[in-house]
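Descriptive analysis of the structure
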Amino acid sequence: MDEKKVLIVDDDVTNLHISESVITSCGAKSYIVPGGKAAIQCFEHLKPFDVIFIDHLMPEMDGVETMKRIRQTEGGDKAVIVAMSANEGDNADEFFLEAGFDGFIEKPIDRERVLFFLED
């Protein structure tokens, strides 16, 4: 597998570093940002990303809004964007797919699930 370029978006510094550690252990190059506005700026300057993992519940701009704004940015329609959350119920996959995400991963993220999204 070629080295994948991954953007991780989360307002919690501890979660950012845990996610970065897991994603890096999968052989990907990761970029971390602390919120939606920073994610959009990072995406605009460093695109394309192979996968973008976005926390659902963040202050200022939540994960759904962040995903929608990235989708409206040039190249954003081709990005694989995955929601991350520790607070979702049984219908999380359905909710996030209907919102426009390409998938959902529970936090703390797990290496096997990350690898699923990093596969070609």
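Scroll up for the structure.
Note that the coordinates shown come from a computational prediction; the quantities given were computed from them, not determined experimentally. (Residues numbered from 1 in each chain as written. Predicted model: local features only at pLDDT ≥ 70, side-chain atom pairs only at ≥ 80, totals over all residues. Heavy atoms only, no water.)

Moving on, we get to the packing of helix α2 (residues 36-46) against helix α3 (residues 63-72). α3 packs onto α2 with a crossing angle of 20° between their chain directions and a minimal axis gap of 9 Å. By the angle between their axes, α2 is roughly parallel relative to α3. Viewed along their axes, α2 and α3 form a crossing whose handedness is right-handed. In this structure, α2 uses G36, A39, I40 and F43 to contact α3, whose residues at the interface are T66, R69 and I70. (Axes fitted to C-alpha atoms, helices over the stretch in contact; angles between N-to-C directions. Helix = DSSP H or I, 4+ residues; strand = E, 2+ residues; numbered from the N terminus. Parallel < 35°, antiparallel > 145°, perpendicular 65-115°, else oblique. Left-handed = near helix turned anticlockwise from the far one by under 90°. Contact = heavy atoms within 4.5 Å.)

Once that is clear, we can look at the side chain of K107. Residue position: K107 is located in the loop between β5 (103-106) and α5 (111-118). Those residues within four positions of K107 in sequence are excluded, and the remaining contacts are D10, N15, D55, M84, S85 and A86.

Moving on, we come to the pairing of strand β3 (residues 51-55). Here β3 lies mainly inside the structure; five of its five residues are buried. Of the two faces of β3, the one carrying V51, F53 and D55 and the one carrying I52 and I54 are both buried. Relative to β3, strand β1 (residues 5-9) runs parallel, the two sharing four bridges. Bridged to I8 within β3 is F53. Both β3 and strand β4 (residues 80-85) contribute to a ladder of five bridges, which runs parallel. Its bridge partner lying in β4, I52 is registered against I81. In this view, the connection linking β3 to its parallel neighbour β4 by way of α3 has right-handed handedness. (Buried < 20%, exposed > 50% of the residue type's maximum accessible area, 1.4 Å probe, protein only. Pairing = 2+ DSSP bridges. Right-handed = clockwise from strand over helix to strand, strands pointing away.)

So far we have only geometry, and geometry alone does not tell us how the molecule works.
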